[in-house]
Amino acid sequence: MASWTAADLPDMTGRTVLITGGGSGIGLITARELGRVGARVVLGVRDTEKGRRAIAGMPGDFEVRRLDVADLGSVRSFAQAWSGDLDILINNAGVMDVPPARTADGLDVQTATNYTGPFVLTNLLLPHLTDRVVSVTSQLHRQSKLHVDDFDWRSRTYHRMHAYRDSKLAVVLFSLELQRRLTAQGSPVRSVLAHPGIATTSLAAHSSANVINRFTFLLNDPEHGALPTLYAATQDVPGNAYVGPDGFGSIKGHPTVRRPGRAGLDEAKAQDLWRATAELTGAGR
Ligand SMILES: NC(=O)c1ccc[n+]([C@@H]2O[C@H](COP(=O)([O-])OP(=O)(O)OC[C@H]3O[C@@H](n4cnc5c(N)ncnc54)[C@H](OP(=O)(O)O)[C@@H]3O)[C@@H](O)[C@H]2O)c1
């Protein structure tokens, strides 16, 4: 079978998609492609001016709204202001290996951006969702040693890359637990995971070990990096699918359904993490 590309996207006319971090990187490419095939695309971005500049001249039905996924106040106001159906939510926004900092809510910035904020956003938008939630994770979740009882890094010495890996395992645990809950409720909504492999975006801009800029020929370009998200958002994949590149080590290539790391399949850990996150944020109870 020929490799799947954005040329294989179906007509998305009449569908509404929200993509967080849609103003740059893989998120912008995902937004551009979904807009190209007719979707109404809402970009949830922290800098609306930058978002508007990014979509200027792009053909399609786009709307830029302010959303800082690391700030629970911003997440709550965004979700409260949402009206009508939301067919597809794409939790794409993320940061990696950024300097340690706490948000206005006192949360670890990296964990809040990649996991805690998207947990709250998804739970608050669930009543509007008709089709699916796509959560973007990373192969690095396989190397995580997530401490569920301290997932927000309050009692341990902070390690930037460990925090990134842990946040991405938290995304996997969350997405699969969400699917179990949706199935138990008889909901038709799916919860699906995607990962871009390693793609040459600005994600590693803060990273001292910046392999991304040194070995670009081994990696996905951003266009290919967006394909797993586009595939997960539009293809008939099962509600717990993990979509990533089909190449060696799932680093580059075309999208296919793969298996997440074993730690991601731990149901007891997923339930504990859900409870701990609900306790911390008040969402998802
Ligand atoms: N590139 C890779 O190799 C790779 C590998 C595995 C997973 N991923 C994941 O793929 C996703 C997209 O990353 P990327 O590679 O496209 O990186 P990127 O170019 O750095 O884009 C990240 C996006 O997230 C947005 N963002 C960051 N913090 C935010 C916040 N608090 N609120 C709202 N938006 C925020 C950024 O907005 P600004 O424009 O305002 O900065 C940007 O649009 C991330 O979840 C990342 O972890 C990427």
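Residues numbered from 1 in each chain as written. Predicted model: local features only at pLDDT ≥ 70, side-chain atom pairs only at ≥ 80, totals over all residues. Heavy atoms only, no water.

1. Regarding the sheet that holds strand β3 (residues 61-66)
- The 8 strands are arranged β3-β2-β1-β4-β5-β6-β7-β8 in an open sheet whose pairing can be described as mixed. Where the open sheet ends on each side, the last strands, each with one partner, are β3 and β8 (255-258). Taking the axes of each pair of neighbouring strands and ignoring which way they run, one obtains an average angle of 25 degrees across the sheet.
- Across 5 bridges, the pairing between strand β1 (residues 16-20) and strand β2 (residues 40-45) is parallel. Directly across from V17, in β2, lies its bridge partner V41.
- Across the sheet, helix α4 (residues 109-125) lies against β1, β4 (86-91) and β5 (129-136), angled at about 175 degrees from β4, the strand it touches most. (Pairing = 2+ DSSP bridges. Helix = DSSP H or I, 4+ residues; strand = E, 2+ residues; numbered from the N terminus. Axes fitted to C-alpha atoms, helices over the stretch in contact; angles between N-to-C directions. Contact = heavy atoms within 4.5 Å.)

2. Examining the side chain of D108
- For D108, the location among the structural elements is in the loop between β4 and α4.
- No salt bridge is formed by the buried D108; the nearest opposite charge belongs to R102, separated by 4.8 Å.
- Only 2.4 Å separates the side chain of D108 from the side chain of T111, close enough to count as a polar contact.
- A polar side-chain atom of D108 sits 2.9 Å from a polar atom in the side chain of Y158.
- Excluding residues within four positions of it along the chain, D108 makes contact with A101, R102, D152, W153, Y158 and A163. (Buried < 20%, exposed > 50% of the residue type's maximum accessible area, 1.4 Å probe, protein only. Lys, Arg positive; Asp, Glu negative; His and termini not counted. Salt bridge = Lys/Arg side-chain N within 4 Å of Asp/Glu carboxyl O. Polar contact = N/O pair within 3.5 Å; in protein donor to acceptor, adjacent residues only side chain to side chain.)

3. A closer look at the nonpolar core
- Counting 42 residues, the largest nonpolar core has L18, L89, Y115, L125, L146 and L273 as the members making the most contacts within it.
- Element by element, the count of residues in this core is highest for helix α5 (residues 160-184), at 9 residues.
- When residues no more than four places from it in sequence are discounted, the contact partners of L89 are L18, L121, T122, L125, L129, R132, V133 and V134.
- Judged by nonpolar contacts, the second largest core, of 36 residues, contains L9, V41, L43 and I55. (Core = buried A, V, L, I, M, F, W, Y, C linked by side-chain atoms within 4.5 Å.)

4. Considering the environment of A268
- With respect to the helices, strands and loops of the structure, A268 is situated in helix α7 (residues 267-281).
- Residue classification places A268 among the partly exposed residues on the basis of a relative accessible area of 45%.

5. Things to note about the site of the ligand
- With respect to spatial proximity, 27 residues lie near the ligand, and among them K50, D68, N92, A199 and T201 are the closest.
- Between S24 and the ligand, the recorded distance is 2.7 Å, taken from a side-chain N or O atom to an oxygen atom.
- Interatomic distance of 2.6 Å between a side-chain N/O atom of K50 and an oxygen atom of the ligand.
- The fraction of the free accessible surface of the ligand (890 Å²) that becomes covered by protein chains is 92%.
- Elements that contribute at least two residues to the shell around the ligand include exactly α1 (25-36) and α5. (Near = heavy atom within 4 Å. Areas by Shrake-Rupley, 256 points an atom, 1.4 Å probe, with all protein chains shown as cover.)

6. Focus: the packing of aromatic side chains
- Inspection of every chain in the model, using the stated rule, returns 9 aromatic pairs.
- When the centroid spacing of 5.1 Å and the interplanar angle of 90 degrees are considered together, the rings of W4 and Y231 count as edge-to-face. With W4 in the segment before β1 and Y231 in helix α6 (residues 222-234), this residue pair connects regions lying 227 residues apart in the sequence. Accessibility assignment for this pair places W4 and Y231 in one class, buried.
- Here the aromatic rings of F78 and W82 are separated by 6.0 Å at their centres, their planes lie at 40 degrees, and the arrangement is tilted.
- According to the relative accessible area criterion, F78 is buried, its value standing at 5%.
- An aromatic cluster is built from Y115, F119, F151, F174 and W274, whose rings are joined through pairwise contacts. (Phe/Tyr/Trp six-rings, centres within 6.5 Å; stacked < 30°, edge-to-face > 60°.)

7. Observations regarding helix α2 (residues 48-55)
- Taken as a whole, α2 has its buried residues at T48, G51 and I55. Down the axis, α2 shows its buried residues gathered within 55 degrees of arc, on one side only.
- In this structure, the buried residues of α2 make contact with α1, β2 and β3.
- For α2, the capping residue at the N-terminal end is D47, with a side-chain oxygen 3.2 Å from the backbone nitrogen of E49. (Arc of directions from axis to C-beta.)

8. Here we look at the side chain of S144
- With respect to the helices, strands and loops of the structure, S144 is situated in the loop between β5 and α5.
- Relative accessible area serves as the criterion here: at 12%, S144 is assigned to the buried category.
- A polar side-chain atom of S144 sits 2.7 Å from a polar atom in the side chain of D166.

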